[in-house]
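Topology and contacts: notes
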Amino acid sequence: MSKVAIFASGAGSNADRILHFLNENQSSVKVALIVTNKKEAGIYQVAENHQLPIFYFSNQDFLEATPVLQFLQEQKIEWIVLAGFLRKIELPIVSAFENKVFNIHPSLLPKYGGKGMYGKKVHEAVIANGDRESGISIHLVNSEFDKGEIILQAKCIVEKGQTVEELVENIQKLEHEFFPKTLVQYINEIK
Ligand code: GRF
């Protein structure tokens with residue numbers, strides 16, 4: 001069994017899809033727990049629906065990294081999945097989990113990545129620049145924001161006149177389709 005922790009700060013729709021996918025497909029990947037930096041967010045409901053423990057750490061804990069790292073080591077976590085987690089993962093965690101932290105970003109990196117590029121801001125920039133395509137990037141996390149090795153990208157067309165909301169919807173479909181199976185495949189190949 002590969003023991004995974006999901007980190008999430010928001011609605012948790014990707015976390016939900018990953019957990020459903022693992023339930024539906026026999027897998028040696030097991031999500032043991034969820035970690036969050038928010039006291040209220042949709043991810044709490046996702047944790048409850050899947051009967052998973054959820055642990056809160058403050059932004060200061062994430063900045064110091066050691067409290068979170070110690071906890072993950074005590075829990076024997078082997079992989080971390082960032083599913084809409086809005087904090088930088090500091091070096092002590094990146095080093096301890098080298099090539100074992102995944103992130104999903106809602107653009108075709110290296111375009112529209114980096115500090116401050118998250119959520120709607122990404123899609124607004126894609127539309128403002130008149131790009132004809134966008135997509136998702138599933139990548140490993142290193143010490144630089146959105147710069148780790150890309151494992152998979154999937155694209156969608158951006159129609160003329162498309163709204164941010166419509167683009168969000170298309171991107172979310174790609175995320176939900178590709179994130180769970182890409183993670184499982186990657187973990188199975190590596191271990
Ligand atoms: C996703 O768009 C993901 O790409 C980004 O944050 C969003 C998370 O959405 N990193 P959800 O909380 O999984 O619904």
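What counts and what doesn't
- Counting from 1, residues in each chain are numbered in the order their sequence is written.
- Predicted model: local features are reported for residues with pLDDT of at least 70 only, side-chain atom pairs are reported and counted for 80 or more only, and whole-chain, interface and lining totals are derived from all residues.
- The side-chain quantities take in all heavy atoms of the structure and omit both hydrogens and water.
- Here, strands pair whenever DSSP counts at least two bridges between them.
- The numbering of helices and of strands both runs from the N terminus, where a helix is a DSSP run of H or I of at least 4 residues and a strand a run of E of at least 2.
- For every element, the axis is a line fit to its C-alpha atoms; helices are fit only across the contacting stretch, and the angle between N-to-C directions ranges from 0 to 180 degrees.
- In this description, contact between two residues means that some pair of their heavy atoms is separated by no more than 4.5 Å.
- Each residue's exposure class comes from its accessible area (1.4 Å probe, protein chains only) as a fraction of the maximum for that residue type: buried when under 20%, exposed when over 50%, partly exposed otherwise.
- By the criterion used throughout, a crossover qualifies as right-handed when its path from the first strand across the helix to the second strand runs clockwise, the strands pointing away from the viewer.

**Re the sheet that holds strand β7 (residues 150–157)**
Taken together, seven strands build an open sheet; the order of strands is β3-β2-β1-β4-β5-β6-β7 and the sheet is mixed. Every interior strand has two partners, whereas the edge strands, β3 (54–56) and β7, have only one. Recorded for the sheet is a direction-independent mean angle of 20 degrees between the axes of neighbouring strands. Direction of pairing for strand β2 (residues 29–36) relative to β3: parallel, over a ladder of three bridges. Within the sheet, the bridge partner assigned to Ile 34 lies in β3 and is Ile 54. Strands in contact with helix α1 (residues 13–24) are β1 (2–7), β2 and β4 (79–82); relative to β2, the strand with the most contacts, it is inclined by about 160 degrees. Of the strands in this sheet, β1, β2, β4, β5 (101–105), β6 (133–140) and β7 touch helix α7 (residues 164–190), which is tilted by about 30 degrees from β6.

**A closer look at unusual backbone geometry**
For the bond from Leu 109 to Pro 110, the omega torsion is 10 degrees, close enough to zero to count as cis. Looking at the element boundaries, Pro 110 is found in the loop between β5 and α6 (120–128). The phi torsion at Ala 65 lies on the positive side, around 70 degrees, for a residue other than glycine. On the secondary structure map, Ala 65 appears in the loop between α3 (59–64) and α4 (66–74). You can call Ala 65 buried: its relative accessible area is 0%. One non-glycine residue, Lys 76, lies in the positive phi region at around 60 degrees. Inspection of the secondary structure puts Lys 76 in the loop between α4 and β4.

**Let's talk about the pairing of β2**
Burial analysis of β2 places seven of its eight residues in the buried class, the great majority of the element. By the bridge criterion, six bridges tie β1 to β2 in an arrangement that is parallel. If you follow Lys 3 over to β2, its bridge partner there is Lys 30. In this region the chain leaves β1, passes through α1 and returns to the parallel neighbour β2; the handedness of that crossover is right-handed.

Keep in mind that these numbers describe shape and distance, not what the molecule does.
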